[in-house]
Amino acid sequence: MSLTLRSRKPIENTMPINELELDLLVLSKRHQRRWRMAFRVICFTRALVSMSRKCLQNNNQILLRSLSYVAVDISTSDDHEVPFVGVNKQMLSKMVKEKSFESLSNLGGVNQVAAILESDTKRGISGNKADLGHRINVFGANRYKRPKAKSFISFVFEALKDTTIIILLVCALLSLGFGIKQEGLKEGWFDGGSIIFAVFLVVIVSAVSNFKQSRQFQALADESSDIRIEVVRDGRRQGLSIFDVVVGEIVCLKTGDQIPADGLFLNGHSLKVDESSMTGESDHVEVDEKSPFLLSGTKVTDGYGFMLVTSVGMSTAWGEMMSSISHELNEETPLQARLNKLTSCIGKIGLTVAVLVLAVMLIRYFTGNTRDETGKREFLGRKTKVDDVMNSVINIIAAAVTIIVVAIPEGLPLAVTLTLAFSMKRMMKEHAMVTEFWIGKEAMTGNASSSGLAHNLYELLQDAVGLNTIGNVYKSNSESTPEITGSPTEKAILSWAVLDLGMNVDEPKQCCKVINVEAFNSEKKRSGVLVKRICEKTVHIHWKGAAEMILAMCSHYYVKSGTIRVLDGEARKQIEIVIKDMAAKSLRCIAFAHTKVAEADGQVQEKLEETGLTLLGLVGLKDPCRPGVRAAVECCRNAGVNVKMVTGDNVHTARAIAIECGILNPDVGLNNDDAVIEGVKFRSLSAEERVAKIESIRVMARSSPLDKLLMVQSLKQKGHVVAVTGDGTNDAPALKAADIGLSMGIQGTEVAKESSDIVIMDDNFTSVVTVLRWGRCVYNNIQKFLQFQLTVNVAALVINFVAAVSSGKVPLTAVQLLWVNLIMDTLGALALATEQPTNDLMSKPPVGRSEPLITKLMWRNLIPQAIYQVTILLTLQFKGRSIFSVNESVKDTMIFNTFVFCQIFNEFNARKLEKKNIFKGIHKNKLFLAIIGITIVLQLIMVEFLKKFADTERLNWGQWAACIGIAAMSWPIGFLFKCIPVSGTQLLFKQRAS
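First, a word on what this report is: a plain description of the structure on this page.

Reading the values: rules and limits
Residues numbered from 1 in each chain as written. Predicted model: local features only at pLDDT ≥ 70, side-chain atom pairs only at ≥ 80, totals over all residues. Heavy atoms only, no water. Phe/Tyr/Trp six-rings, centres within 6.5 Å; stacked < 30°, edge-to-face > 60°. Helix = DSSP H or I, 4+ residues; strand = E, 2+ residues; numbered from the N terminus. Buried < 20%, exposed > 50% of the residue type's maximum accessible area, 1.4 Å probe, protein only. Salt bridge = Lys/Arg side-chain N within 4 Å of Asp/Glu carboxyl O.

**Some points on the packing of aromatic side chains**
Ring pairs (aromatic) are described by centroid distance and by the angle formed between their planes. Evaluation of the coordinates by the stated rule reveals 11 aromatic pairs. For the pair Phe-101 and Phe-293, a centre-to-centre distance of 5.1 Å together with 75° between the ring planes defines the contact as edge-to-face. With a gap of 192 residues between them, Phe-101 in helix α4 (residues 101-106) and Phe-293 in strand β6 (residues 293-294) connect regions that are remote in the sequence. What makes Phe-101 partly exposed here is its relative accessible area of 46%. Ring geometry for Phe-785 and Phe-788: centres 6.5 Å apart, planes at 45°, overall tilted. With Phe-785 and Phe-788 both in helix α27 (residues 766-807), this residue pair falls 3 residues apart, about one helical turn. Neither Phe-785 nor Phe-788 differs from the other in exposure class; each is buried. An aromatic cluster is present here, built from Phe-905, Phe-908, Phe-919, Phe-928 and Trp-971 joined pairwise through their rings.

**So, unusual backbone geometry**
One non-glycine residue with positive phi stands out, namely Lys-99, at about 50°. Here Lys-99 lies in the loop between α3 (89-97) and α4. Even without being a glycine, Ser-586 presents a positive backbone phi close to 60°. Within the secondary structure, Ser-586 is located in the loop between α19 (569-584) and β17 (587-598).

**Remarks on the pattern of salt bridges**
If you walk through the whole model with that rule in mind, you get 23 salt bridges. Between Glu-888 and Lys-891 there is a salt bridge, with its nearest N and O atoms 2.8 Å apart. With Glu-888 and Lys-891 both in helix α30 (residues 888-911), this residue pair falls 3 residues apart, about one helical turn. Glu-888 gets classed as partly exposed once you look at its relative accessible area, which sits at 31%. The partner of Glu-944 in a salt bridge is Arg-954, and the shortest N-O contact between them spans 2.9 Å. With Glu-944 in helix α31 (residues 926-944) and Arg-954 in the loop between α32 (947-950) and α33 (957-968), the pair connects residues that are 10 residues apart, well separated along the chain. Within this structure, Arg-881, Glu-888, Lys-891 and Asp-892 form a network of salt bridges that share partners.

Take a look at the structure:
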C-alpha cells in the first residue's frame, strides 16, 4: 500500500478530497513510518552482528552471551566528548556576561547549575585527570589567546626604518652602482658592498638584541600573570595556578584576590567586588544570592566567599579583552626616560658636527682643495667626469652620515635592557605559632582538656576558632596529618586549636548556621560572626581580634572552671598587664570574646553586639624574626637607607619587634614620640608637623592604611626617595604612592601585587637588600657604559671634524666607523651591563632625585681619556707617515687599529668608576673577558684578512705593537687621574641619605 501511494503523483490543490481519501492518506503515512522503523531496526541489528564478527576475528576474544542480553563494547572517539546535559559553553558564558537572571532561573538557580556541571557545592569536583580533561575538552582551558608575538623579521624591518640607516643604504647603493660602472663588477663593488654588509651587520645585531629582549619580557609577563588561587577539590582545599581552573570548580575568595574566571556566587559574607577593570565603574559591587554574578579579572575588595566557575578562558569577557592586549612592556622607566633625553641631546650634537663636516668637505672638494692617493686634485671643474663627482659626493655624504651613526648613543637603551634582563635572571618561609594561652588572668599550659579547662568553655573556644575564621583544616582520615590553609595568623590559631587543644574545628560548622559575618577590617582590627545553633533559639556572637580592642568590648570574663566573673577595674588592669607582657616578648596578642542573645518574638537578630561581651581567652602568636633580617636592616642603614616599621600591632609588640629586628635601639622608651608613635596620633598632626617629625619616626604602631600613605607623602615632601613593602589590599595606596612599591609574592594579595613595582617572591625582607644591591648595580653599570660611550663619541667626533676641516678627508671610513659603532653600542653594552653587584655598592650613599646621570666622577675619568685619544690620533693623522715611515693606507689602518684598541683598553677603565684597581673581580665576569677576546679576534680579522672590505692594509709586528702600546697607555692615565679627589661626595651623602 505504501509503495502504491509512493508512486502516485502529488494531489493537485484544485482537486477536492473527500473524507475516505483523507483517512486513507493518514493511514498510509502511519504505516510508512512503521516500515521505516522496522527497516532501521534491521539495519542496526545487522550492523551489530557485523561488528561482533569483526571483534572476534581481530581480537580473538570470546563474546560472552547470556539468555537475556548481548554485551557489546563500542569505543567512542576522543574527539566527540559527551557534553553536560542541559547547558553548553555559549549559554553559560552569555548568562554571566549579561548578568541574566532569566537564564539563571531557567536553569534552576545556582545550586542546579552546580548539579548540572556535576560539582558538589561543598566538596567541589573530583579533580581526577579524566574529569579535568573532559571539562577542558567541553568548556576549554582557562587561557586566552595572546596576540601573535613579533617575529625576528619584524625587528629587522624596524631596525631598517631608522633614518640614518636608510640614508647609509642609499649612499651605499649609489656607491655600488657608480663603482661597478667605473671599475667593473670585480673591483667596483667593494666600497658600496662593504657599507651595505656593515649596515646589515649592525641591523642584525640590533634586531637580535631587541628580539631577545622581547622574549625575555614576554616570559616575565607570563610569570606575572600566573596567579595562585585556592579551590576545593574532593573536599580538600588546595592551591593551584589560575591556568588550571576548570568549569565546575569551587573557588575560595577572600579580600585582595583576583577572580580567576566567570562564575556564580555560592555562599559567603560581605563579599564586595571592584569591577572597574571590566565596567569602568569605580563603585564596589556587593555580591550575594540576589546578585550572584562574578566576572573574571575583577578584584575582591572586602569579605570572603565561594564561587562556582561557569566560564573560563576565551569564553569570558576578561579573556576576550586580554587577547587583544599586547604584553610588550613598552612603558619607560624614569631611568630610561632620562637616558633617552640624554641620547637625544648627544644625537643633536653629533648631527651638528656631521652637518659641519659635510659642509666643509663639500666646499673643499668643489674648490679643488682635496687630493687623491697619487697627490692629484680630485675636482678639476668640467674636466672631472660626472661619475667621479657623484662617487666622491656620495662618499662624503656616507662619511657624514656615519658620523651621525657613531654619535647617536643607541647602545644606551640597549645597555638598560641588557642590565635589567641580566639582573632579573640573578635576582624560607617560616610560620607563626601560638606560644602562650591565657584564660582570664591565668596562664594555661599543656593540653586544654587535661589541664582542667571546663567543658562549656572548651566548646565555646572551639566555636570561636572554628566559626570565626576563613582558614580551613582538611584531614583525609583520622590518622592523617591535618592540612591547614589560610593567612599566617589563621594558620597559627587553627594549628594551636587542632594540634595543642585537640579540637575538631569542623564540628561547629555542622551544628550551627551562620547568620551574619563581619570580616576582618584593618581599621577595627577584628572580625566577628553571628551564629544560631540548629536546635536552639539562642543566637551566639563571637569576636576575635587585637587583644586591647576586644578587651574594651568586654564586661565579663571566663575563668578556668567555666564560670563568668565581672571584669572590674582591678581585673581589667591585670589582664592589660598580661597583654603588655606578651607584647614585650614581641608576641601578637589575639583575644576571643563571646555573648549570646535570645530570639525576640521569633525574630533572629542580625546585628553583632559590640558591647557587654565575655572574654574567653588570650593567645600570644610568635611570628619569628627570620634569620638575616637584622643583618639586612643593618646593611640598609650602612647604605644610607633608613628603615621604618609601620604595623597594625599595638605599641608594645611593635617596639619589641623593632628592637629584635634592629630598627630601634633598646634604650628608646615608649614615651619617646620622636621614635615610636601610634597611627591615631600621627594622623592627628597637621601636615607641617608630620613633615617636621617624619625623619625621626622609626616605628608606627596601630596604623591604618591612611597612616602609611601619609608617611609616604610626608617623606616625599622632604625630598626622599621612598620604597614601601606590603602584602595586603590595604597597602595598595601606599605602594602606588611610593617611588618603589615592593609586594610579597606568597602572602601578598593580587591587589597589592598590581600596585607594586617589584614582587618579592620569597616574602623575605632580606630580599629587599638584594633588590637594593641589584638596583644600584643596574644604575652603576649604566653609568659605566655611559662613561665608555661618551669617551668614544667625543674622540670620534673631534678627530673626524678636525681632519675634515684641515685636510678635507676623514681618517676613518664609513665601514670602519660602523665597526666601531658595533663594538661601542652592542658589544660594549653587553660587556659592561652584565657586571655583578659588589659589596662596595652598599657603602655608597643613595642617589638623589635630581642628581645628574653624568657625575663629576665620570667627567674626571672621561675627559683625560678623550683628550689622550684625540691627541694621539690627530698626531698619527698628521705625522704618522713620517714617524713610522709608512704610506697613507698603512697610516690610516694604524689610526683605525689604535682607535679600536683604545676602546678595548678603556672598557677595563670603565669597569671601576672610583677604584684604581680596575682588574678586581674580573675573573668572575666571564662574559666580559669573552667579549674582549671576541672583539680582539674580529679586529685582527678586519685588519689582516678583510683588506678590501674594511679598506685596510696588513700591518707588521712592529706596527701592531705600536698600536697596542699606544692604546695601553689608557691604563696608567686612568690610574693617575683617579688619584685626583672629586669634591662634593661626602656632602652629597649627608644631604641625600634617606
